[in-house]
There are 4 protein chains.
Amino acid sequence: MPDGTTGDLPRFHQQLAKENLAPLWEVMRDLVPPEPRPVALPAIWKADRLREHALTAGRLITAEKAERRVVVLENPGLRGQSQITTSLYAGVQLILPGEVAPTHRHTASALRLIMEGAGAYTIVDGERVEMHAGDFIITPTWSLHDHGSDGSAPVIWLDGLDVPIVKLLNAGFSEHVGNGKQAVTKAEGDSLARYGSGLVPVNHVSRNAVSPVFWYPYSRTRQALEQMRRAGEWDAAEGLRLAYTDPTTGRSPIRTMGAFMQLLPQGFEGTEIRSTDGAVYSVVEGRGTVQVGDERWEVGPRDVFVVPGWAWHAFSASEDLTLFSFSDRPLQEALGFWREQRR
Amino acid sequence: MPDGTTGDLPRFHQQLAKENLAPLWEVMRDLVPPEPRPVALPAIWKADRLREHALTAGRLITAEKAERRVVVLENPGLRGQSQITTSLYAGVQLILPGEVAPTHRHTASALRLIMEGAGAYTIVDGERVEMHAGDFIITPTWSLHDHGSDGSAPVIWLDGLDVPIVKLLNAGFSEHVGNGKQAVTKAEGDSLARYGSGLVPVNHVSRNAVSPVFWYPYSRTRQALEQMRRAGEWDAAEGLRLAYTDPTTGRSPIRTMGAFMQLLPQGFEGTEIRSTDGAVYSVVEGRGTVQVGDERWEVGPRDVFVVPGWAWHAFSASEDLTLFSFSDRPLQEALGFWREQRR
Amino acid sequence: MPDGTTGDLPRFHQQLAKENLAPLWEVMRDLVPPEPRPVALPAIWKADRLREHALTAGRLITAEKAERRVVVLENPGLRGQSQITTSLYAGVQLILPGEVAPTHRHTASALRLIMEGAGAYTIVDGERVEMHAGDFIITPTWSLHDHGSDGSAPVIWLDGLDVPIVKLLNAGFSEHVGNGKQAVTKAEGDSLARYGSGLVPVNHVSRNAVSPVFWYPYSRTRQALEQMRRAGEWDAAEGLRLAYTDPTTGRSPIRTMGAFMQLLPQGFEGTEIRSTDGAVYSVVEGRGTVQVGDERWEVGPRDVFVVPGWAWHAFSASEDLTLFSFSDRPLQEALGFWREQRR
Amino acid sequence: MPDGTTGDLPRFHQQLAKENLAPLWEVMRDLVPPEPRPVALPAIWKADRLREHALTAGRLITAEKAERRVVVLENPGLRGQSQITTSLYAGVQLILPGEVAPTHRHTASALRLIMEGAGAYTIVDGERVEMHAGDFIITPTWSLHDHGSDGSAPVIWLDGLDVPIVKLLNAGFSEHVGNGKQAVTKAEGDSLARYGSGLVPVNHVSRNAVSPVFWYPYSRTRQALEQMRRAGEWDAAEGLRLAYTDPTTGRSPIRTMGAFMQLLPQGFEGTEIRSTDGAVYSVVEGRGTVQVGDERWEVGPRDVFVVPGWAWHAFSASEDLTLFSFSDRPLQEALGFWREQRR
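Residues numbered from 1 in each chain as written. Chains lettered and ligands numbered in written order. Predicted model: local features only at pLDDT ≥ 70, side-chain atom pairs only at ≥ 80, totals over all residues. Heavy atoms only, no water.

- With an unreviewed UniProt entry as reference, chain A is termed Gentisate 1,2-dioxygenase, source organism Roseomonas acroporae.

So, in structure tokens, the structure goes:
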């Protein structure tokens, strides 16, 4: 067999197929590619469109009926799969005054960036927190949570979940608890005070994979960025980029997903960078330009865009630009997969 | 809107679709199921059929041409995706006397259970190890490896890889190095002696996510099981089950996958158990019966079968039964997902 | 030998002594006691006396001459050894306006509770921090540090060091760097912003045993205690007790010593408790009573007292009582030694 | 005060002394030395003298009477303190045929190198192990243990304990359990099989600071050294040096003490090295020369010698030389104190 195979292969392949078997040599290049494939595509969703659609959804379906009234951001390269990257889910959620998104919990972890409004709250494992624009809030795996609004205006936020990861592992559970709003058993701000002030209760015992801090107010994050900018240490590609952490471990508050806040000062012209984790970004404040592969976008407040894994990208800032982002980087790092490249 | 929705929804959904958006309320139950879904199915591949197909492949295609001459075990519930569970790949590989499966490395980690033959070897990062039936051998993420045989008989083994996990994260790289067989730079057995004898070199520094021990000879594993059986402590469902570990961390030698060896004594009648990790089993020695859901199989040496995640199953042993298995349990545990239930 | 020994023992003991040997049976009960021995004694130093002596020292010796102008608190059970417990050192340090305590570093880690005054600063590894009453400041092992005052009044603080631990291990190094005050290379508050706001720089790498946060302002600690008291969860013996932590690890910011802040509400009558770690306390705010063994003290602001390891003690509060304390608990916990008992 | 002090200092110092206070400036140089001080001295105890004294003790006092019949090795620089280094205790213990050293447990951890004899056993937490020359056996903190001999000849071993560390922390407890020999509840070799064969039971949960493996047979250690020597990688100062580890953590099986086995091939001429941990050595096999500071010793089987911390030393081997040693290195490393220097 000069080319290393014989003509009987096709019949052999048919026989294998009958017995739930397949020839690796037909698919190996696809299974073990030389480098990450561009399956997810760069994409941007403008703030005004997202807002309009969220409000339309608010007219057409109730939070109770929807359970969660969310418009899912689907990557154009992965339509119909409720995915914004190969491993992550993202959506824009709306709560209207007086509404309640009922109490449930699930294996998937959720993270939220509050985009607009006031008067809405999230309750996580018995602690209520009011949501303000720029706040970062998490509901780690299997945490009871519900949302609602006592306010007078719509509240909109960006959701990120690790649903595709849970789905791959087929380890997902969920349940509804009680009917609607869970009982508040802790004082507002208790967890942040208890674990987020540089101290922990002497007898604290870590609960596997769950951060006791679930609310990261933007006021505090902003203050940290302003303080740090005085050092004038700007990464050539990323400016000043911070990762949200669980202060009881120093690790990401969610094991599968990392969330980041970064500041690019006015006039910043970032160099090109790429990493294996595909990231979802949202502008918190300011304006700038994002280059991803051949795409080039002017971005402003509340725009949401996705930078696929291993795609070269660069940021520039026409005003001080504050960017929120999330990705699966902590999981990739834990597995020894994560890579970064600059040019 | 008595039912919480209005008639305009269909048109709204169409509009969303145009902008890479989708309504969560249409898919939420699918994204966040009440418990793991039976997507993978129970299945068994009998030893004689696997052997025959491997040998047929040996006649029809060379190891060089195939790069790896492997018959992939596809789960009947996941055909066409080279998956034996939702997160794992499995295959049966053949090396014939004088052949070489050329040197490469990839992000995906591989584990192997040697099923038959002698005289074949694997070289991992410059260390050669001869493969014997029952040996457990790993090539962790990005380890250089090639296989070959100086023997006189075919050598067959079971491969397990985390390809679907790497694919989900889209973080996979691979490369071919040199042409064929890599240079041997270490004495055979060096790593096992250096790290697997209850000591480590004083200046050892752990390399992220990679075990320095890659060869777990069956002679040693068997001896451990024989020694332990004297304690007579049998788990009602699992008998005596051990997990392979990296002695420099006490964790699984591969972060994404765990591998296990278990002994069920003759006459053992196991109780029913299920866990969220779907597992691939192979009989190393002995005979017994496996019940998975409504399926019931007589199993013997070198049979391979899969128990899907969250599927009730039970084992019984008509002879002392030694079972090898692997699953994604370590990853699920690290993420706080793993659950087990007994009845 | 009815009593199990013979008369030749004394001569044998003499012979052993000549060869740097000794009979264990003569000392075993002392080496392996049934429980911790009361070697350190309960003791209190009243605030006014400490202040007076510190100021007298200020008249008699300069900070430069003394290198550190400190009055050492010696446990009455351990005189002449510069120890306040068997493993810890404590002292009261004074800086006068315009003075400088020159730059040095040493293996021993230091922690400080600011007791009085304003306008003084500490510089740690190039970052300056102003010291205010109630602030907790650390200079972890081998950190460059110097102190000084630009203020108009004396500044006094409590020092705690692990000198006896370093001495036991005989692993202590020290050096003087430059002459006097080190250069300030970071903006004030940079570390706290960078690591203490719920985030860390994306590329942060932990430095063994050293916390990047070294300043824990009292304003923030006080706020946390006030927030937490709303939960009304009071430990029967300790009220509300928090441990200072390194937010990048969740562990004590110093490996050998732990520091704690606790709040006992007015009217609190604590139950008796003891633990193996001897602790040094100082009252930050409020008044109350401390019972240690047979000793009973009325305590008020800036009083310093020591509760020896394994000594029963109880606290009561006639006013809201805020207590700072430090001990070797983290080291004992890491070694599996730490025990606590209540009655 | 030109020299920075005034004449009133002596009176002030007297006043301080009355109030359990002391001036730091009088002792600071002693408390914070520029580098480790030579408090412990180099010393050697020849095998024949140790053996003779152990046997003499055997004639003069029973194991029961002595509880542990041990001749303590006292560092000539630390006489009367039962210390061989500033932090460690060492002794030579004898068990005669038919004797029992009764069951007890204590906070201090013990490690043992068997020097001579056969037929003696140690029972640790219900598991019996027979002791052979060269075996390394540990009784971690609070483990029940007793020793005895069913043999026909004396058995002698080297004990190492962390007594001075426990004493410094004043956290030591001890108790006698039952009268004499504890019940054997596990098969001999069970722990080593269960945890030391490259696997662990699936449901293993680590017990703080205690290794489940307590017996490291010399046959296995020797084999590892012989296997590794084939690599021909010799450290210029230490030859081939391995640290005993807990395979469930990869760390030292005792948190306070590390134990090491090293091989120096015949003709090895080691370069000079020093580290902050003072170490106790015993020759297991072979002959060579040890240079410590100005001391130079010819060493042979069962000689015991101590190399103080930070003392320059070098080894040479006239025959293949196998050295056992132990020190407090793991504790120093955990605290960030450990340093090594070569020349």
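Re the relation of the copies chain D and chain C
For the pair of chain copies, the relating transformation is a rotation about an axis with a translation along it.
In step 1: Take chain D, turn it by 180 degrees, move it 0.0 Å along the axis, and it overlays chain C with an RMSD of 0.0 Å. The superposition operator between the copies reduces to a two-fold rotation axis. The C-alpha atom lying nearest the rotation axis in chain D is that of Leu168(D); the distance is 3.9 Å. (Least-squares fit on C-alpha atoms with pLDDT ≥ 70 in both.)

Looking at the sheet that holds strand β13 (residues 199-201) of chain D
In step 1: Across the sheet, 7 strands lie side by side as β2(B)-β21(B)-β18(B)-β23(B)-β16(B)-β15(B)-β13(D); this open sheet has antiparallel pairing. What marks the edges here is a single partner per strand, and that holds for β2 (43-45) of chain B together with β13 of chain D. Within the sheet, the average angular offset between the axes of one strand and its neighbour, ignoring direction, is 25 degrees.
In step 2: Here strand β16 (residues 258-264) of chain B pairs with strand β23 (residues 321-327) of chain B via 7 bridges, running antiparallel. Along β23(B), the bridge assignment pairs Gly258(B) with Ser327(B).
In step 3: The strands touched by helix α7 (residues 218-229) of chain B within the sheet are β15 (240-244), β16, β18 (279-285) and β23 of chain B together with β13 of chain D, with β15(B) carrying the most contacts at an inclination of about 145 degrees. (Pairing = 2+ DSSP bridges. Helix = DSSP H or I, 4+ residues; strand = E, 2+ residues; numbered from the N terminus. Axes fitted to C-alpha atoms, helices over the stretch in contact; angles between N-to-C directions. Contact = heavy atoms within 4.5 Å.)

Considerations on the environment of Pro42(D)
Residue and element names in this part refer to chain D.
In step 1: Checked against the element boundaries, Pro-42 lands in the loop between α2 (28-31) and β2 (43-45).
In step 2: Its relative accessible area of 23% is what places Pro-42 among the partly exposed residues.
In step 3: Residues Pro-42 and Met-228, 186 residues apart in the sequence, show an inter-C-alpha distance of 31 Å.
In step 4: Ignoring any residue separated from it by four or fewer positions in sequence, one finds Pro-42 in contact with Pro-76, Val-292, Glu-295, Trp-297, Val-306 and Pro-308. (Buried < 20%, exposed > 50% of the residue type's maximum accessible area, 1.4 Å probe, protein only.)

Here we look at the relation of the copies chain C and chain A
In step 1: In screw terms, the move from chain C to chain A is a rotation of 180 degrees and a rise of 0.0 Å along the axis, fitting with an RMSD of 0.0 Å.
In step 2: Of all interface residues in chain C, 100% are interface residues in chain A too; the two copies therefore contact each other through one and the same surface.

Let's talk about the pairing of strand β11 (residues 155-161) of chain A
Residue and element names in this part refer to chain A.
In step 1: With 7 of 7 residues buried, β11 is to be regarded as a mostly interior element.
In step 2: With burial as the criterion, each face of β11 is covered, one bearing Val-155, Trp-157, Asp-159 and Leu-161 and the other bearing Ile-156, Leu-158 and Gly-160.
In step 3: Pairing between strand β4 (residues 89-95) and β11: 7 bridges, direction antiparallel. If you follow Val-92 over to β11, its bridge partner there is Leu-158.
In step 4: Of the pairings in the sheet, the one linking strand β6 (residues 110-116) to β11 comprises 6 bridges and is antiparallel in character. Its bridge partner being in β11, Ile-114 is matched across the sheet by Trp-157.

Some details on the sheet that holds strand β3 (residues 70-73) of chain C
In step 1: The 7 strands lie next to each other as β14(C)-β9(C)-β6(C)-β11(C)-β4(C)-β3(C)-β1(D), forming an open sheet whose pairing is antiparallel. Whereas interior strands pair on both sides, the edge strands pair on one side only; in this sheet they are β14 (215-216) of chain C together with β1 (21-23) of chain D.
In step 2: As paired strands, β3(C) and β1(D) are joined by 3 bridges and run antiparallel to one another. Looking at β1(D), one finds that Leu73(C) is bridged to Leu21(D).
In step 3: Against the sheet, helix α3 (residues 47-60) of chain C contacts β3, β4 (89-95), β6 (110-116) and β11 (155-161) of chain C together with β1 of chain D, and its axis sits at roughly 55 degrees relative to β4(C).
In step 4: Across the face of the sheet, helix α1 (residues 9-18) of chain D comes into contact with β3 of chain C together with β1 of chain D while running at roughly 150 degrees to β1(D).

Here we look at the UniProt feature "domain: Cupin type-2" (unreviewed entry) in chain A
Residues and elements named next belong to chain A.
In step 1: According to UniProt, the feature "domain: Cupin type-2" (unreviewed entry) maps to residues 92-159 and 260-320 in the numbering used here.
In step 2: In this annotation, residues 92-159 is assigned 0% helix and 60% strand; the end-to-end C-alpha distance for the span is 6 Å.
In step 3: Along residues 260-320 one finds 0% helix and 56% strand; the C-alpha atoms at either end are 17 Å apart. (UniProt positions renumbered as here; feature names shortened; annotations may be inferred.)

Brief notes about the pattern of salt bridges
All names here are of chain A.
In step 1: Following the criterion strictly, the structure yields 92 salt bridges over all chains and no others.
In step 2: Arg-79 is paired through a salt bridge with Glu-74; the nearest N and O atoms lie 2.9 Å apart.
In step 3: For Arg-79, a relative accessible area of 33% gives the class partly exposed.
In step 4: Counted as one network, the salt bridges with shared partners bring together Arg-222, Glu-226, Arg-229, Glu-285 and Asp-320. (Salt bridge = Lys/Arg side-chain N within 4 Å of Asp/Glu carboxyl O.)

Points about the interface of chain C and chain A
In step 1: Residue-level contacts link 38 residues of chain C with 38 residues of chain A.
In step 2: Buried area between chain C and chain A, summed over both chains or domains, comes out near 3000 Å², and the portion from carbon and sulfur atoms is 56%.
In step 3: Broken down residue by residue, the surface that chain C buries against chain A is led by Arg194(C), Leu199(C) and Val202(C), which jointly contribute 21%.
In step 4: At the junction of chain C and chain A, the tally comes to 2 salt bridges.
In step 5: Across the pair Arg194(A) and Glu233(C) runs a salt bridge whose closest N-O atoms are separated by 3.5 Å.
In step 6: Every element with two or more residues in the side of chain C that touches chain A is listed here: α6 (190-195), β13 (199-201), α7 (218-229), β15 (240-244) and β16 (258-264) of chain C.
In step 7: Of the residues in the side of chain C that touches chain A, the class split is 17 nonpolar, 11 polar and 10 charged.
In step 8: Sheet topology places strand β15 (residues 240-244) of chain A next to β13(C); 3 bridges connect them, and they run antiparallel. The residue of β13(C) that forms the bridge with Ala243(A) is Val200(C). (Buried area = accessible area lost by both parts, 1.4 Å probe. Nonpolar A, V, L, I, M, F, W, Y, C, P; charged D, E, K, R; others polar.)

Re the environment of Leu242(C)
In step 1: Take Leu242(C): it is sitting in strand β15.
In step 2: Given a relative accessible area of 0%, Leu242(C) falls into the buried group.
In step 3: Along the backbone, Leu242(C) and Leu263(C) are 21 residues apart, and their C-alpha atoms lie at a distance of 8.9 Å.
In step 4: Among residues more than four places away in sequence, those in contact with Leu242(C) are Leu199(A), Val200(A), Pro201(A), Val202(A), Leu225(C), Met228(C), Ala259(C), Phe260(C) and Met261(C).

Comments concerning helix α1 (residues 9-18) of chain C
In step 1: Listed as buried for α1(C) are Leu9(C), Phe12(C), His13(C) and Leu16(C). The arc that holds the buried residues of α1(C), viewed along the axis, is 100 degrees, so those residues lie on one side. Looking at α1(C), the residues exposed on the side facing more than 90 degrees away from the buried face are Arg11(C), Gln14(C) and Lys18(C).
In step 2: In this fold, the buried residues of α1(C) make contact with β1 (21-23) of chain C together with α3 (47-60) and β3 (70-73) of chain D.
In step 3: Positive backbone phi, approximately 55 degrees, marks Asn20(C), located one or two places after α1(C). (Arc of directions from axis to C-beta.)

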